[in-house]
Amino acid sequence: MSGIYVCGIGAVSPAGWGADKLSDAVEKGSKFPGEPVKVDGVQTTGIAARVPAPPSRPAFLAHPRLRRSSPISQFAVAAALEALGQQTGTQNTAVILCVMSGSVNYSRRFYAETLRDPATASPLVFPETVFNAPSSHISAVLNSNAPNYTLVGDAGMYLVGLALGAQWLQEELVDGVLVIASEEMDILTTTAVSLFERRALVSEGSGALYLRREPTGAVVELEAITQPISFVGRAEREPALLEVRDSILNGSTRSLLVESRSDDSQWNRLETEVWRDWSGPRLAVKNVLGEALSASSAWQCVCAVEQLRRRPELQRATVSVLGLNQQAIAARFAVHHE
Amino acid sequence: MLFPLNNSGGLRRVVVTGVGVITPFGRGWASNAQGFREGKRAIGPVSLFDVSTNRSRIAAEIREDLELGETRLSRRTQGRLERAARMLLIASREAWEQAGWRGETRIPLILGTTSGGMTLGQEFYSQLMQDGTRRGQAGRIMHYVPQRQGQDLQQAIGFDGPITVIANACATGANVVGHAWEMIRSGQAERVFVGAYDAISQLVYTGFDALQALSPNPCRPFDAQRDGLTLGEGAAALAIESMESARSRGADILGEITGYGASTDPHHLTQPHPEGLAALSAMELACRRAKVTPENVGYLNAHGTATPHNDRSEAAAINAWAGEGASNLKVSSTKGSIGHTLGAAGAIEAAVCIMALREQWLPPNVEIGELDPAARFQLVGKPGSASFEYALTNSFGFGGANASLLLRRAA
């Protein structure tokens with residue numbers, strides 16, 4: 001028993017605003033259609049699945065911090081608040097935000113203004129370009145003084161963030177930790193991804209887990225996270241994922257595997273091959289929602305927790321992440337039914 | 001396993017055995033120790049890009065050729081590295097060699113930056129908007145992301161291990177050192193290599209200028225007439241390991257990290273709480289974890305950006321933290337010498353503290369005129385020797401990211 005529990009989940013995705021919508025879509029298994037992204041008359045080669053408009057204006061947008069916030073911040077705050085649920089007394093709640101692309105909308109916009117004329121570049125836009133702006137907004141909404149980290153990396157970084165949050169809880173530095181990943185769509189992102197994965201459906205959104213030392217509700221425990229195994233070249237990916245698999249392998253017919261593979265990806269076959277002996281059920285989140293960089297692995301974790309809650313026959317769920325350009329890593333969750 | 005941890009061995013002492021630094025003072029311990037000890041200043045006109053329509057036109061740039069020297073990187077890869085990555089590699093090489101680490105594998109690498117390879121990002125954007133061709137774009141985007149800069153560092157020096165990039169704005173240089181301290185202290189790692197780096201880019205320079213946070217003149221931290229910061233650039237790298245590891249191999253211990261505190265100021269995205277409450281919390285936590293009281297701290301390296309808001313808030317926090325002992329506390333901001341190096345600042349300032357502790361001097365706060373009356377502490381005004389055992393260094397950033405590190409002279 002690790003003593004660290006998942007006490008809430010949240011998500012924003014092309015399936016809609018809410019973890020239940022994400023899980024429903026992944027269970028259904030139908031791939032979201034993509035469309036070209038166009039900004040300032042420039043259209044990229046890639047296609048994207050966007051987050052739909054929320055059914056009503058989220059109440060959190062009334063917070064002064066969020067008046068000028070970009071989609072990445074709004075997605076992150078929405079997922080965080082959903083994961084937090086009715087929890088009050090959040091002053092000692094830490095925030096760990098994971099991103100790969102970051103606040104790219106405002107960065108592009110501010111740089112365009114810079115090139116046009118530095119003297120008229122907007123002072124309101126620049127602060128929102130900083131990597132940690134979204135996580136700062138979450139702490140502000142919670143009025144929390146607890147540590148707030150922004151981690152930058154590929155999708156594997158979300159699991160590193162979960163481990164860091166769990167460590168802070170074990171050391172009793174904080175009462176709770178929100179671990180969030182968030183990404184927003186932009187022509188810069190779709191262009192960049194399409195340079196390496198020509199057929200990729202690029203998507204956007206966020207996912208969040210709320211961790212505490214005390215279990216609440218349906219008890220899902222964060223049981224283990226492997227060491228991240230780095231890779232650089234193509235040849236290093238398979239041994240990295242194999243090492244991760246071997247260190248977390250706990251497969252049974254009552255264990256769910258939530259994979260990071262996608263039929264669109266050149267690495268699809270590698271992940272399928274590495275996990276070929278898995279005897280339990282499997283889910284491939286990207287096959288439905290596309291490549292959302294760091295948010296993809298957060299969605300995997302959200303789906304893993306939700307499946308453990310929804311399906312009483314499951315005891316454990318393993319999340320396997322083969323990132324785009326940095327690391328392989330895996331996490332395992334366990335459910336304790338009353 | 002990364003989690004759960006098996007830390008049955010109890011908390012361990014954490015030491016620094018390698019320091020590498022490159023700043024506008026130049027590369028290496030000697031040139032930087034001399035520059036900071038003597039209170040020199042390295043601020044001049046911006047030469048990297050056109051600032052003719054900006055409010056401010058000065059910065060602390062690194063003027064030297066960023067030649068890498070000995071490296072395992074191919075010529076092709078070297079050719080793709082932009083300024084920030086080169087600074088990181090130069091500082092890292094020095095720290096690695098000073099530590100004497102050899103043939104190591106699976107050493108965690110913790111990096112801190114606010115903008116990584118921003119100049120490559122700028123080029124990527126410009127080409128996309130101009131003609132949209134793919135030529136060179138894959139290479140730009142590969143080397144733009146900070147994790148790739150970490151991979152290049154590992155390849156250049158010859159080690160591997162997981163890479164974690166922390167981007168907590170201007171506190172991140174302290175966060176990476178503190179994070180390494182937490183990993184080693186808890187038994188998660190025996191050794192951790194840390195690097196923090198940022199180069200001046202047009203986007204970031206214009207951003208601070210648009211906020212009117214830049215002074216048109218060289219910055220004057222804690223001066224009553226201060227009117228903004230000066231941007232700088234640089235990198236620092238630290239080889240950090242457990243005391244047992246360092247002693248077992250007879251390493252030269254340069255200094256000890258004894259405490260780290262991080263907190264968040266939710267007051268405003270770009271302005272600190274006027275009373276510096278979260279800053280105070282970070283300072284107190286660093287000292288509490290080290291079991292050290294403010295009277296034991298002989299020198300405080302302030303964040304001291306020279307913006308009216310920061311210095312007033314930080315002065316309030318320092319006053320509250322030091323209490324009645326504030327009038328005896330020696331404080332300076334080294335940003336008056338090399339500007340604000342953003343994501344690198346916390347690590348560079350930790351390196352300056354290690355130099356000062358080891359060689360027993362205090363870096364002066366350059367060209368102070370009239371001291372802000374909010375500061376009840378002793379601002380170090382002139383170069384000089386000192387005898388002290390502990391130094392505290394503060395780093396605060398956009399978004400309310402606050403971090404304090406407590407460092408101790410090697411016994």
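Everything numeric here is computed off the predicted structure, so don't read it as measured data. (Residues numbered from 1 in each chain as written. Chains lettered and ligands numbered in written order. Predicted model: local features only at pLDDT ≥ 70, side-chain atom pairs only at ≥ 80, totals over all residues.)

Undergrad: Would you mind going over the packing of helix α2 (residues 71-84) of chain A against helix α4 (residues 133-142) of chain A with me for this structure?
TA: Packed helix pairs are specified by the crossing angle of their axes together with the interaxial distance, meaning the distance between the axes. Residue and element names in this part refer to chain A. Here α2 crosses α4 at 40°, and the two axes come no closer than 9 Å. Relative to α4, the element α2 is oriented oblique. The chirality of how α2 crosses α4 is right-handed. Across from I72, S73, A76, V77 and A80 in α2, the residues of α4 making contact are A133, P134, H137, I138 and V141. Looking at the contact of α2 with α4 residue by residue, the class counts come to eight nonpolar, two polar and no charged. (Axes fitted to C-alpha atoms, helices over the stretch in contact; angles between N-to-C directions. Helix = DSSP H or I, 4+ residues; strand = E, 2+ residues; numbered from the N terminus. Parallel < 35°, antiparallel > 145°, perpendicular 65-115°, else oblique. Left-handed = near helix turned anticlockwise from the far one by under 90°. Contact = placed C-beta atoms within 7 Å. Nonpolar A, V, L, I, M, F, W, Y, C, P; charged D, E, K, R; others polar.)

Undergrad: I tried to follow the confidence of the model for chain B on my own but got confused; where do I start?
TA: Averaged over all residues, the pLDDT of chain B equals 96, while 100% of them reach at least 70. Among the prediction metrics, the complex's ipTM stands at 0.97, with pTM recorded as 0.98. (pLDDT = per-residue confidence, 0-100.)

Undergrad: Sorry if this is basic, but what is going on with α2(A) here?
TA: Residue pairs three or four apart in sequence face the same way in an α-helix, which turns once every 3.6 residues. All names here are of chain A. For α2, built from 14 residues, the straight-helix expectation of 20 Å at 1.5 Å per residue is met to within 8% by its first-to-last C-alpha distance of 20 Å. Summarising burial for α2: 14 of the 14 residues are buried, a large majority. Positive backbone phi, approximately 60°, marks G85, located one or two places after α2. (Expected span 1.5 Å × (residues − 1). Buried ≥ 20, exposed ≤ 12 C-beta atoms within 10 Å, placed from the backbone.)

Undergrad: Help me out: how do you make sense of the pairing of strand β9 (residues 205-212) of chain A in this one?
TA: A regular strand places its side chains on the two faces of the sheet in alternate fashion. Residues and elements named next belong to chain A. By the criterion of burial, β9 is predominantly enclosed, with seven of the eight residues buried. Bridge count for strand β1 (residues 5-13) against β9 is seven bridges, and the pairing is antiparallel. Note on β9: the bridge partner recorded for I9 is L209. (Pairing = 2+ DSSP bridges.)

Undergrad: I tried to follow the environment of B:R288 on my own but got confused; where do I start?
TA: Among the secondary structure elements, B:R288 is positioned in helix α10 (residues 277-290). The spatial distance from the C-alpha of B:R288 to the C-alpha of B:G261 is 8.8 Å, given a sequence separation of 27 residues.

Undergrad: What exactly am I supposed to notice about the interface of chain A and chain B here?
TA: Interfaces are frequently sized by the accessible area removed from exposure as the parts join. Taken together, the contact between chain A and chain B spans 55 residues of the former and 50 residues of the latter. At the level of elements, α3 (104-116), α4, β6 (148-152), α5 (157-170), α6 (187-196) and β10 (219-225) of chain A are the ones that each hand at least two residues to the side of chain A that touches chain B. Grouping the constituent residues of the side of chain A that touches chain B by class yields 29 nonpolar, 22 polar and four charged. One ladder, built from two bridges, connects β6(A) with strand β6 (residues 163-166) of chain B; its direction is antiparallel. Looking at β6(B), one finds that A:V152 is bridged to B:V165.

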